[in-house]
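Survey of secondary and tertiary structure
Here is how the chains run, residue by residue.
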Amino acid sequence: MYTQENGFYIAHGPNGPISILGNMANRHGLIAGATGTGKTVTLQVIAESFCNAGVPCFMADMKGDLSGVSQPGKLSSFIEKRLPEFGIDQDSLRFEGCPVRFYDVFGEQGIPMRATIGEMGPDLMGRIMGLNDTQTGVLNILYRILDEKGVMLDDVKDLRSALDWLSKHAKEYTTQYGNVAPASIGAIQRALLQLENQGADKFFGIPSFNIMDLLETRDGKGILSVLAADKLMLQPKLYSTFLLWLLSELYSTLPEVGDLDKPKLVFFFDEAHMLFEDTSKALTDKIEQVIRLIRSKGVGIFFISQLPTDIPDVILGQLGNRVQHALRAYTPRDQKAVKVAAETFRTNPSFKTEDAILELETGEALVSFLDEKGAPSVVERAKVLFPLSQIGAITEGQRLDIMNENRDINAKYKEAQERESVFEVFAREAEAEAQAAEEAAAAKQAEKAEKKGKKEKTLWDKVWKAVVTAVTGTLATIVGKKVSDTITGKKSKDTSVKDAAGRAVKNATSAAGRQILRDILGNATKR
């Protein structure tokens, strides 16, 4: 409940209203407690308060219960009994729903939320598919090569085609990026097939979701974006990785704003333990970094889980606003969790925190929010307010009516689109390479033929020159001798024209033969 007097009024303790300070809401929070102790209602109360203050929220609806936030609530005997405790006048009470958009990764119960495989990145894709370090390394190589080529991965078909292409061209990149084993590519293809069988082909594609659509308001109220996650949570890695991708997109997209009077967006991460199961230290470090830095973008994150110990200590230490519902100490692990939960609160001398956690009733909680200086307040045992919207799921008809009210944004994402696929890009590239190779071969053949023609022409020029020289020389010799005999009066043996011609032909033939032999021997030496 949001009021000018009490701000983000969440619970009521012995000392009166307990509220989250608007400028401390981006310091994140935790809602913990056993099943059935009221965590979902607490989430609904907090989200409703932010909505009424004009702050949009995103939340995952694991069982369909949160869909009721779209409808006005009703006065019940339970609420009527609580009114005097909260100091609320029944006449001033106004039940109302919040502006809501329903989303669904699979596009069945709400507006489709898609992401491209390229946007998801190799590390998150490796986590979704359960790949080992070596296989994730192969994905990193593939993404790097495609980035250099300017090729985008949109959907499952694109990734499959890209992996097939990489298997055929792996040797070309071995020295640059390392070995790409066929066994690794085969393992990735099998994991991709399994992911596709689980319905991930509906999630990966375009148009990809624009994160800025989560930051919209309507009539002064923040729009609550409710993700139908009853089917998605059956695939824990896809669910948690998708929400982590949303956080990463928010962090990389939103500008730095520093500390605001109230956050720009509040993000509720239900079943938060799924985010940290089977998560490498590198990815945990990345999550911790995003959570630590995203508050400067004006985003607050609330984790919802059964046990505080489900959250790694490095992240748990950043969750300043806490609501702890009852825990059950049936096992040694439960008893340890109760002790850890109690130790995270600032002690209240009025009661023993560890005992109080075991004694809390449904709707009751230990509450500690950050004060004006950013320090945790002393823990109080309090009763969480009731929501002004409906508690529980809505009907299919009501859901359909709300989706029709959001037809503009629904039309924006409803139909999956196709653009040039990786297969088509590589096919065009292969065709261009083949054509270029064919043209190069033809040019080489033409050059070879031209050189051969020039070579033959040069040889016959040399032969002809040798023949002319030989004939000319022979005739000159004969004519010179005749002239000399005439002058000196010397008589020599007569040479007939026939004999002269014969000598000329003989000399020409010898000269041509010598020239051809020299050319042959010269080429042989060059080789």
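Here is what the cut-offs are and how they apply
Residues numbered from 1 in each chain as written. Predicted model: local features only at pLDDT ≥ 70, side-chain atom pairs only at ≥ 80, totals over all residues. Heavy atoms only, no water. Helix = DSSP H or I, 4+ residues; strand = E, 2+ residues; numbered from the N terminus. Buried < 20%, exposed > 50% of the residue type's maximum accessible area, 1.4 Å probe, protein only. Contact = heavy atoms within 4.5 Å. Areas by Shrake-Rupley, 256 points an atom, 1.4 Å probe, with all protein chains shown as cover. pLDDT = per-residue confidence, 0-100. Salt bridge = Lys/Arg side-chain N within 4 Å of Asp/Glu carboxyl O. Polar contact = N/O pair within 3.5 Å; in protein donor to acceptor, adjacent residues only side chain to side chain. Core = buried A, V, L, I, M, F, W, Y, C linked by side-chain atoms within 4.5 Å. Axes fitted to C-alpha atoms, helices over the stretch in contact; angles between N-to-C directions. Parallel < 35°, antiparallel > 145°, perpendicular 65-115°, else oblique. Nonpolar A, V, L, I, M, F, W, Y, C, P; charged D, E, K, R; others polar. Pairing = 2+ DSSP bridges. Expected span 1.5 Å × (residues − 1). Disulfide = S-S within 2.5 Å.

Across its full length, the chain holds 17 helices and 15 strands. Scored against the burial criterion, the 527 residues of the chain give a buried share of 48%. Residue pairs in contact within the chain that sit at least 24 positions apart in sequence constitute 78% of those at least 6 positions apart. Surface exposure of the chain reaches about 26700 Å², of which carbon and sulfur atoms provide 52%.

So, on to the confidence of the model for the chain. Overall, the prediction assigns the chain a mean pLDDT of 85, with 86% of residues at 70 or greater. Of all secondary-structure elements in the chain, the lowest mean pLDDT belongs to helix 17 (residues 497-526), at 60, while strand 9 (residues 221-222) reaches the highest, 96.

Before going further, it helps to examine the pattern of salt bridges. Counting across every chain of the model gives 16 salt bridges. Here Arg94 and Glu96 are joined by a salt bridge, their closest N and O atoms 3.6 Å apart. Overall, Arg94 belongs to the exposed group, its relative accessible area being 58%. The residue Glu108 makes a salt bridge to Lys231 at a minimum N-O spacing of 3.1 Å. A residue pair is termed long-range when its members are at least 10 positions apart, and Glu108 in the loop between strand 6 (100-104) and strand 7 (111-112) and Lys231 in the loop between strand 10 (224-228) and helix 8 (236-253) qualify at 123 residues. For Lys231, a relative accessible area of 32% corresponds to the partly exposed category. Taken together, the salt bridges that share partners define one network made up of Arg82, Glu85 and Lys383.

Mapping Lys168 onto the fold places it in helix 6 (residues 156-177). Here Lys168 falls in the exposed class, since its relative accessible area comes to 61%. C-alpha of Lys168 to C-alpha of Pro182: the two residues are 14 residues apart in sequence and 9.4 Å apart in space. Of note is the side chain of Lys168, whose polar atom sits 3.4 Å from the side chain of Asp164.

Let's shift gears to the environment of Thr347. Along the chain, Thr347 turns up in the loop between helix 12 (332-343) and helix 13 (353-359). Each residue touching Thr347, except ones within four places of it in the same chain, is listed here: Val378 and Val379.

It is worth spelling out the nonpolar core at this point. Ranked by size, the top nonpolar core spans 85 residues in total, and within it Met125, Met129, Leu159, Phe204, Phe242, Leu246 and Phe303 carry the most contacts. Ranked by residue count, the leading element in this core is helix 8, at 9 residues. Other than its neighbours up to four places away in sequence, Met125 contacts Ile117, Met120, Leu139, Tyr143, Leu159, Leu195 and Phe204. Judged by nonpolar contacts, the second largest core, of 46 residues, contains Val45, Ile46, Val100 and Ile402.

The next point concerns the packing of helix 6 against helix 7 (residues 182-203). Between helix 6 and helix 7, the least distance of the axes is 10 Å, while the angle of their chain directions is 170°. Relative to helix 7, the element helix 6 is oriented roughly antiparallel. Every residue of helix 7 that contacts helix 6 at Val156, Leu159, Arg160, Leu163, Asp164, Leu166 and Ser167 is listed here: Ile185, Ile188, Gln189, Leu192, Leu193, Glu196 and Asp201. For the contact of helix 6 with helix 7, the per-class residue count stands at 8 nonpolar, 2 polar and 4 charged.

Across the 5 residues that make up strand 6, a large majority, 5, are buried. With burial as the criterion, each face of strand 6 is covered, one bearing Val100, Phe102 and Asp104 and the other bearing Arg101 and Tyr103. For strand 6 and strand 10, the ladder comprises 4 bridges, and the chain directions are parallel. The residue bridging Tyr103 from the neighbouring strand is Leu227, located in strand 10. Alignment of strand 6 against strand 7, held across 2 bridges, turns out to be parallel.

Right, let's get into helix 5 (residues 133-149). Given a rise of 1.5 Å per residue, 17 residues ought to cover 24 Å, and the 24 Å separating the end C-alpha atoms of helix 5 matches this to within 8%. For helix 5, the set of buried residues is Gln135, Thr136, Val138, Leu139, Ile141, Leu142, Tyr143, Ile145 and Leu146. A distance of 3.1 Å separates the backbone nitrogen of Thr134 from a side-chain oxygen at the start of helix 5, and that oxygen is part of Asn132. Just beyond helix 5, the residue with positive phi is Gly150, at close to 70°.

This brings us to the state of the cysteines. The bond known as a disulfide is covalent and runs between the sulfur atoms of two cysteines. Under the defined criterion, the tally for this structure stands at 0 disulfides. Not engaged in a disulfide, the cysteine Cys51 finds its nearest cysteine sulfur in Cys98; these two sulfurs lie 3.6 Å apart.

Here we come to helix 6. The first and last C-alpha atoms of helix 6 sit only 24 Å apart over 22 residues, clearly below the 32 Å expected at 1.5 Å per residue. Where helix 6 is concerned, the buried positions are Val156, Asp158, Leu159, Ala162, Leu163, Trp165, Leu166, Ala170 and Tyr173. Downstream of helix 6 by one or two residues, Gly178 has phi in the positive range, about 110°.

Take the pairing of strand 13 (residues 321-324) next. Taking every second residue as pointing to the same face, both faces of strand 13 are buried, with Asn321 and Val323 on one and Arg322 and Gln324 on the other. The pairing of strand 4 (residues 29-32) with strand 13 spans 4 bridges and is classified as parallel. Directly across from Leu30, in strand 13, lies its bridge partner Arg322. Bridge count between strand 13 and strand 14 (residues 364-368): 3 bridges; the pairing is antiparallel. By the bridge assignment for strand 14, Gln324 is matched with Leu366.

Moving on: the side chain of Gln109. Relative to the assigned elements, Gln109 resides in the loop between strand 6 and strand 7. Dropping the residues within four chain positions of it, Gln109 is found in contact with Phe102, Asp104, Ala228, Asp230, Arg399 and Met403.

What follows concerns unusual backbone geometry. Among all residues except glycine, the phi angle is most often negative; among peptide bonds, the trans geometry is most common. That bond from Ile206 to Pro207 is cis: its omega, 5°, falls within 30 degrees of zero. In this fold, Pro207 is placed in the loop between helix 7 and strand 8 (217-218). We note that His28 has phi near 70°; this positive angle belongs to a residue other than glycine. Mapping His28 onto the fold places it in the loop between strand 3 (16-20) and strand 4. Positive phi is not limited to glycine here, since Asp219 has a value of about 55°. Inspection of the secondary structure assignment puts Asp219 in the loop between strand 8 and strand 9.

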